[in-house]
Amino acid sequence: MKSLLLGYCRAAVACCVVFCCGALPAEGRSQSVATAAINLHHTSWSARDGAPESILSITQTSDGWLWLGGPGGLYRFDGMQFEQFAPFNAALPTQNVSLVNAVADGGLWIGYRTGGASFLQHGLIRSYSEQDGLPNRAVWGLEQDGSGRMWAATALGMFYLDRDRWQKPASSWGLAGGRYKTLMRDRHGVLWAQGDAGVYSLKPGETQFARSAVDRGTGVLFELPNGNVISWDAQHARLNLLTGPRQNTAYRQWGAIGDPGSLLIDRHGDLWVGLLEGLELHTARGIARATPRRGLSGRAVGAIFEDQEGNIWASTSSGIDRFRHKRLTKLEVPEAAIGGGIIADDSAGAWIGNYHVVANETGQVTATPLWKLGGSGWDRNLTSFARTSDGALWGASFGILRRFQGADSRPIAVPAAISGVKVQALLADKDDSLLVALLQYGLYRRRPQGTWEKTGGEGEVNVMARSDTTGLWLGYYPGLVVHAQGAPWRSYGLAEGLALGTVMALHLHGEHVWAGGEKGLALFGADHFRQISGVNGETFHGISGIVELENGDLWLNAFAGLFRIPGTEIAQFERQRDYHVQYERLDQLDGLEGSAPYVTPAPSLVLASDSRLWIARSTGIFLLNPGEPLPPAPKRPVIIKTLGPPGDGRPPQLPIRFAPGSSVLQFDYTSLALSIPERLHFRYRLQEVDATWQDAGGRRNAYYSNLAPGNYHFSVTATDYNGKWSDAVTTVDFSIAPKATQTWWFKALCVLSLLTVAHIAYRWHIRRLGRQMAGRLQERVNERERIARELHDTLLQSVQGLVLHVHAALLKLPARDTARLQIETALQQADEVIDEGRERIRELRGEDAGKLSLADAVLAAAARLQHGDAGPVRLTISESARQLNATIYEDALAIITEALANAYTHARATRIEAELHYGKREFRCILRDDGTGIPAAVLNDGGRQNHWGMCGMYERAARIKAKLVVHSCEGGTVWQLDVPAALAYTR
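It should be emphasised that the depicted structure is a prediction, and the values quoted were computed from it without experimental measurement. (Residues numbered from 1 in each chain as written. Predicted model: local features only at pLDDT ≥ 70, side-chain atom pairs only at ≥ 80, totals over all residues. Heavy atoms only, no water.)

Observations regarding the overall build of the chain
Move 1: Of the regular secondary structure elements, the chain holds ten helices and 70 strands.
Move 2: In terms of overall dimensions, the chain has C-alpha extents of about 180 × 100 × 45 Å along its principal axes.
Move 3: Within the chain, counting contacts between residues at least 6 apart in sequence, those at least 24 apart form 54% of the total.
Move 4: Looking at the chain as shown, the accessible area adds up to about 46,400 Å², and 51% of this sits on carbon and sulfur atoms.
Move 5: Here the chain carries 100 positive and 99 negative side-chain charges, and the mean point of each set is 4 Å from the other. (Helix = DSSP H or I, 4+ residues; strand = E, 2+ residues; numbered from the N terminus. Contact = heavy atoms within 4.5 Å. Areas by Shrake-Rupley, 256 points an atom, 1.4 Å probe, with all protein chains shown as cover. Lys, Arg positive; Asp, Glu negative; His and termini not counted. Charge placed at Lys NZ, Arg CZ, Asp CG, Glu CD.)

In structure tokens, the structure reads:
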């Protein structure tokens with residue numbers, strides 16, 4: 001609540017930009033110029049970035065949105081994108097906004113320069129105009145008192161809201177008439193009002209205002225961090241202390257502040273001043289300034305506001321600016337020192353190039369030259385430093401070596417052979433001899449007595465490090481590390497795991513030996529180097545500075561930024577060879593600029609005696625307190641702004657149901673963290689589509705296509721500034737209505753239609769087959785009739801003629817002649833053959849077909865075949881008997897007769913059952929017996945060898961397109977014949 005109250009106070013400042021300074025002449029304003037830049041992380045947005053111009057008021061609602069109001073309308077900002085806001089239910093009465101102010105219940109009050117006010121909550125707006133009791137004049141203040149009553153400060157006086165109508169206070173309230181410009185509620189719930197008649201205050205629960213003793217109140221009201229209240233008297237250009245031991249007196253904490261257009265006192269007690277020429281920050285340490293030349297978005301500053309994270313927002317005539325704390329402070333060191341060597345001293349300072357530099361907590365720098373500089377050239381800037389045990393500082397550059405101790409500064413002679421050669425690195429050995437690494441000339445040693453000697457092998461040394469624990473280590477060009485301990489020296493290269501390219505940094509801490517270079521970082525252990533990589537493929541390339549702290553954290557000055565690897569991650573890497581470490585990267589968002597230097601200076605990262613890190617980058621020197629963590633992002637859930645078809649997204653309002661055919665959807669979401677929104681990462685999941693979370697990185701929207709109708713569940717979450725995923729997950733349920741063609745009844749209708757078509761096609765196909773079969777059967781009948789005619793007209797007639805001739809010859813023989821008896825016998829057999837032939841002809845012509853029903857024919861066949869103890873056939877008929885096609889009749893009867901014969905003859909059955917089923921789909925004949933069954937081998941072979949009964953049965957069934965199935969075991973045999981109805985019946 002306290003931070004919200006402060007926010008309300010700061011919001012009130014912004015709305016007075018024009019009132020506070022518009023009446024005073026420009027020549028009356030202060031001409032003092034602040035020379036220092038505001039040493040905070042500064043980001044500006046202009047119209048090209050979508051930022052509104054000439055904003056008059058800024059505030060922040062409890063959900064985290066930053067709201068901005070001005071002549072162009074109402075805007076909101078999530079840290080990444082400005083968007084003009086339109087309420088769900090109605091438009092704003094006017095776009096000319098004078099004031100925005102957040103209240104404790106999450107709502108937003110909006111005042112208009114043309115009169116009237118609105119209250120916005122949950123996207124819905126309620127507007128008040130002259131009909132609701134407000135005058136048709138500008139509203140400059142909207143605030144609640146300690147009792148929750150809403151007040152409005154207008155050009156025609158004060159008004160309060162009672163039962164959804166604005167009332168002018170009666171005289172008993174103790175308020176004078178006239179214009180009122182500023183309202184503020186302090187942390188104690190006291191409402192302060194400032195107008196032409198002075199400053200008034202209303203305590204919680206009271207119904208009468210008390211007037212302060214100040215003469216006039218034409219400015220702005222503030223609450224100080226200590227709880228006191230001050231007001232700005234623009235007419236007299238002074239601050240008045242309204243509460244506290246020296247109340248109603250001039251407040252001179254920050255001295256003269258000129259003619260401001262806006263003012264803000266932040267949570268640290270520092271004063272921000274908006275001027276026509278820029279923005280000033282007044283602190284106890286002095287004044288700093290931001291102008292368009294220093295990156296400010298515009299010249300005239302309108303509104304100033306401090307958000308819940310401590311960021312300072314300023315509106316200008318051309319855009320919006322944000323000032324926030326940055327972890328790294330850029331030091332304003334002399335330009336000549338940039339690119340020089342760096343080494344820490346014993347008093348929290350450092351020697352950089354040719355200067356001794358001291359920086360206080362705010363980054364203010366004191367730089368003292370190491371000696372009187374004269375002339376110009378490369379030899380003026382020391383690129384390498386070393387310190388010996390006697391406290392002396394040694395510095396080297398191109399061909400020179402200097403020694404500093406106290407006020408004594410003197411050059412040191414070098415051998416003529418290396419005069420003018422660049423010194424790559426200096427290092428004091430344990431005996432106070434000085435190791436000097438020279439470009440292309442190798443390593444030299446200067447003894448304490450002043451003698452020089454070449455040492456080590458051939459090759460160029462880039463970097464050196466030494467500790468009592470691990471000894472002396474040297475980095476040779478192009479990629480070799482040498483442990484210079486004892487004799488001989490031990491070299492480490494590719495074969496020993498060192499694959500860093502050019503080695504640019506060596507760091508020794510305890511038992512750890514660290515090597516860094518153009519291709520990353522490696523740790524020595526077990527006579528081998530192991531290269532370290534981070535998660536997400538980070539290689540830490542371009543390292544020229546390494547520092548390991550006492551807590552085990554490792555800091556790296558690399559090309560892509562400043563990296564911190566926690567000590568716990570280093571310990572895990574030592575235990576697990578292929579482990580990828582977690583890390584934190586500091587970059588331009590933290591105030592770091594440029595890239596790590598290549599080779600020189602070495603090292604580019606040093607730890608000062610006060611535990612601060614000094615970092616050399618290509619753009620200058622930076623200072624960091626490694627114990628200061630990143631500010632945590634506000635613990636707010638992700639907000640789903642809109643969802644719907646691309647270009648037509650709407651804010652979520654339950655229930656959410658999309659129209660039929662909405663197969664492509666876009667989800668726009670955000671997280672309201674205003675300090676470093678670029679550090680936030682998002683992941684989302686559509687439960688019915690995604691098996692796992694989808695990592696969106698910094699992207700704040702999600703797309704899905706080819707979505708089917710149904711119910712869906714969308715979830716999204718975000719990280720904080722440190723990359724830690726939040727436990728809060730924002731979800732939204734929605735559904736997509738099906739098209740008429742996607743409904744279940746349409747699909748059922750389609751299936752039914754398909755089945756109907758299939759049934760019709762099947763019936764048509766069966767009928768076609770029936771017609772084809774009927775045609776074929778008719779052809780067979782015709783052919784049988786033709787054969788019958790041929791047999792009758794040729795064979796039978798010829799045989800009959802032959803019999804007549806033989807009979808005529810027979811009559812000429814004696815009655816008792818033996819030959820005559822033989823011929824009579826032959827003639828009798830010939831008559832039988834003729835009768836049999838006539839019978840066959842009748843069968844071929846089908847003259848007997850249909851004379852007996854199939855049931856009677858089956859019973860007759862069974863009676864002929866029955867013998868011995870076999871019982872008669874028990875016949876069952878189901879459904880109404882129908883007329884069978886003659887061919888079907890004959891073949892079916894033949895198959896049943898053969899089955900009966902097998903049952904009586906081979907199976908020795910005593911009980912036989914027959915069933916005739918005249919179904920609508922098929923005609924079925926079933927014959928069951930209780931005989932011995934058919935052997936398995938006979939079933940598999942389709943009949944006995946040289947016996948054609950079963951084979952003939954299958955052939956007859958195939959000929960009439962019927963299905964014949966037999967099941968047989970020792971307990972009996974079942975024959976089943978199925979004939980399609982379209983083929984079996986004649987009608």
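Now that the structure has been shown, the text picks up again.
Considerations on the pattern of salt bridges
Move 1: The full count for this structure, using the stated rule, is 35 salt bridges.
Move 2: Here aspartate 346 makes a salt bridge to arginine 387, at a shortest N to O gap of 3.0 Å. Remark: arginine 387 occurs in strand S35 (residues 384-387) and aspartate 346 occurs in the loop between strand S31 (342-344) and strand S32 (350-352); sequence separation between them is 41 residues.
Move 3: Between arginine 564 and glutamate 584 there is a salt bridge; the shortest N-O distance is 3.0 Å. Taken together, the residues arginine 564 in strand S53 (residues 561-565) and glutamate 584 in strand S54 (residues 584-586) connect sequence positions 20 residues apart. Side by side, arginine 564 and glutamate 584 carry an identical accessibility label, which is buried. (Salt bridge = Lys/Arg side-chain N within 4 Å of Asp/Glu carboxyl O. Buried < 20%, exposed > 50% of the residue type's maximum accessible area, 1.4 Å probe, protein only.)

Quick word on unusual backbone geometry
Move 1: Residue tyrosine 477 is joined to proline 478 through a cis peptide bond whose omega torsion reads 5 degrees.
Move 2: Along the chain, proline 478 turns up in the loop between strand S44 (471-476) and strand S45 (480-483).
Move 3: Each neighbour pair has its own omega, and for leucine 654 with proline 655 the value is -10 degrees, a cis peptide bond.
Move 4: Of note, proline 655 is situated in the loop between strand S58 (639-644) and strand S59 (657-658).
Move 5: For alanine 237, which is not glycine, the phi dihedral falls at a positive 55 degrees.
Move 6: You can see alanine 237 is positioned in the loop between strand S20 (229-233) and strand S21 (238-241).

A look at the confidence of the model for the chain
Move 1: For the chain, per-residue confidence averages 87 on the pLDDT scale, and 93% of positions sit at 70 or higher.
Move 2: Scored below 50 in pLDDT, residues 1-34 shows 94 contacts in the model against residues more than four places distant or in partner chains. (pLDDT = per-residue confidence, 0-100.)

Looking at the packing of helix H6 (residues 854-865) against helix H7 (residues 886-905)
Move 1: H7 packs onto H6 with a crossing angle of 30 degrees between their chain directions and a minimal axis gap of 10 Å. It follows that H6 is roughly parallel to H7 by the angle criterion. Viewed along their axes, H6 and H7 form a crossing whose handedness is right-handed. Along its contact with H6, which presents Leu854, Ala857, Val858, Ala861, Ala862 and Leu865, the element H7 presents Tyr889, Leu893, Ile896, Thr897, Leu900, Ala901 and Tyr904.
Move 2: Looking at the contact of H6 with H7, its residues break down into twelve nonpolar, one polar and no charged. (Axes fitted to C-alpha atoms, helices over the stretch in contact; angles between N-to-C directions. Parallel < 35°, antiparallel > 145°, perpendicular 65-115°, else oblique. Left-handed = near helix turned anticlockwise from the far one by under 90°. Nonpolar A, V, L, I, M, F, W, Y, C, P; charged D, E, K, R; others polar.)

With respect to the environment of alanine 808
Move 1: Its location among the elements puts alanine 808 in helix H4 (residues 744-810).
Move 2: Distance from alanine 808 to valine 547, taken between C-alpha atoms, is 142 Å for residues 261 residues apart in sequence.

A closer look at H6
Move 1: Between its first and last C-alpha atoms H6 spans 16 Å; for twelve residues at 1.5 Å apiece the expected length is 16 Å, and the two agree.
Move 2: Within H6 the residues assigned to the buried category are Leu854, Ala855, Ala857, Val858, Ala861 and Ala862. The buried side chains of H6 occupy one side of the element, clustering within an arc of 165 degrees when seen end-on. Exposed residues lying more than 90 degrees from the buried face of H6 are Ala863 and Arg864.
Move 3: Along its buried surface, H6 packs onto strand S66 (873-878), H7, strand S67 (912-918) and strand S68 (922-929). (Expected span 1.5 Å × (residues − 1). Arc of directions from axis to C-beta.)

Examining the sheet that holds strand S18 (residues 210-211)
Move 1: The four strands are arranged S15-S16-S17-S18 in an open sheet whose pairing can be described as antiparallel. Looking at strand neighbours, the two that pair on one side only are strand S15 (180-185) and S18, the edges of this open sheet.
Move 2: Strand direction decides the pairing type here: strand S16 (residues 191-195) and strand S17 (residues 198-202), joined by five bridges, are antiparallel. Looking across to S17, one finds that glycine 195 is bridged to glycine 198. (Pairing = 2+ DSSP bridges.)

Some points on the environment of glycine 298
Move 1: The topology assignment puts glycine 298 in the loop between strand S26 (286-290) and strand S27 (301-306).
Move 2: It is 8.3 Å that separates the C-alpha atoms of glycine 298 and isoleucine 320, two residues lying 22 residues apart in sequence.

Brief notes about a positive patch on the surface
Move 1: Taken together, Arg763, Arg767, Arg771 and Arg921 make up a surface patch of like positive charges.
Move 2: Topologically, arginine 771 is positioned in helix H4. (Patch = residues over 30% accessible without salt bridge, like charges linked within 9 Å, V, L, I, M, F, W, Y side chains within 5 Å.)

A few points about the pairing of S67
Working note: regular strand, side chains alternate between the two faces of the sheet.
Move 1: With burial as the criterion, only one face of S67 is covered, namely that bearing Ile912, Ala914, Leu916 and Tyr918; the residues Glu913, Glu915 and His917 on the opposite face remain uncovered.
Move 2: Inspection of the sheet shows S66 paired to S67 by six bridges, in the parallel sense. Residue arginine 874 lies in a different strand from S67, and its bridge partner there is glutamate 913.
Move 3: Between S66 and its parallel partner S67, the chain crosses via H7, and the hand of that crossover is left-handed.
Move 4: Pairing analysis gives seven bridges linking S67 to S68, with the strands arranged antiparallel. Paired with glutamate 915 across the two strands is isoleucine 926, which belongs to S68. (Right-handed = clockwise from strand over helix to strand, strands pointing away.)

Focus on the packing of aromatic side chains
Move 1: For the structure shown, the criterion picks out 42 aromatic pairs.
Move 2: Taken together, the ring pairs connect Phe658, Phe667, Tyr669, Phe682, Tyr684, Tyr704, Tyr712, Phe714 and Phe734 into an aromatic cluster.
Move 3: Over the face of the ring belonging to tryptophan 65 we find arginine 76, whose NZ or CZ atom lies 3.9 Å from the ring centre. (Phe/Tyr/Trp six-rings, centres within 6.5 Å; stacked < 30°, edge-to-face > 60°. Lys NZ or Arg CZ within 6 Å of the ring centre and 35° of its normal.)

Some remarks on the nonpolar core
Move 1: Within the largest apolar cluster, 43 residues are counted, with the highest numbers of intra-cluster contacts made by Leu854, Phe923, Trp975, Leu977 and Val979.
Move 2: The set of elements that each furnish at least two residues to this core consists of H6, H7, S67, S68, helix H9 (949-959), strand S69 (963-969), strand S70 (972-980) and helix H10 (981-984).
Move 3: In terms of residue count, H7 provides more of this core than any other element does, ten residues in total.
Move 4: Here leucine 854 is in contact with Leu884, Tyr889, Leu893, Leu916, Tyr918 and Phe923, once residues within four sequence places are set aside.
Move 5: Within the second largest apolar cluster, 29 residues are counted, among which are Leu665, Tyr669, Ile676 and Val732. (Core = buried A, V, L, I, M, F, W, Y, C linked by side-chain atoms within 4.5 Å.)

What to know about the sheet that holds strand S4 (residues 66-70)
Move 1: On the basis of which strands lie adjacent, the open sheet formed by four strands has the order S3-S4-S5-S6 and antiparallel pairing. The sheet is open, and its two edges are formed by strand S3 (57-60) and strand S6 (82-84), each paired on a single side. Averaged over all pairs of adjacent strands, the angle between their axes in this sheet comes to 25 degrees, without regard to strand direction.
Move 2: As defined by bridge partners, S4 adjoins strand S5 (residues 73-77) across five bridges and the pair is classed as antiparallel. The residue bridging glycine 70 from the neighbouring strand is glycine 73, located in S5.

Details of empty space enclosed by the protein
Move 1: In total, this model carries three cavities of 30 Å³ or more according to the counting rule given.
Move 2: Counted as a void, the largest cavity has a volume near 90 Å³.
Move 3: Considering the residues around the largest cavity, the lining is formed by 15 residues, among which Ile896, Cys925, Ile926, Leu927 and Trp975 are closest to the centre.
Move 4: Elements that contribute at least two residues to the lining of the largest cavity include exactly H7, S67, S68 and S70.
Move 5: Of the residues that constitute the lining of the largest cavity, the class distribution is 13 nonpolar, one polar and one charged.
Move 6: Looking at the second largest cavity, its volume works out to about 60 Å³.
Move 7: Lining the second largest cavity are Gly399, Ile400, Leu401, Val414, Ile418, Val421, Val423, Val436, Leu438 and Trp452.
Move 8: Split by residue class, the lining of the second largest cavity holds nine nonpolar, one polar and no charged. (1 Å grid on protein atoms, 1.4 Å probe; cavity = no way out; pocket = protein on both sides within 12 Å on 5 of 7 lines; lining within 4 Å. Points joined across faces, edges and corners; volume = space filled by probe spheres on them.)

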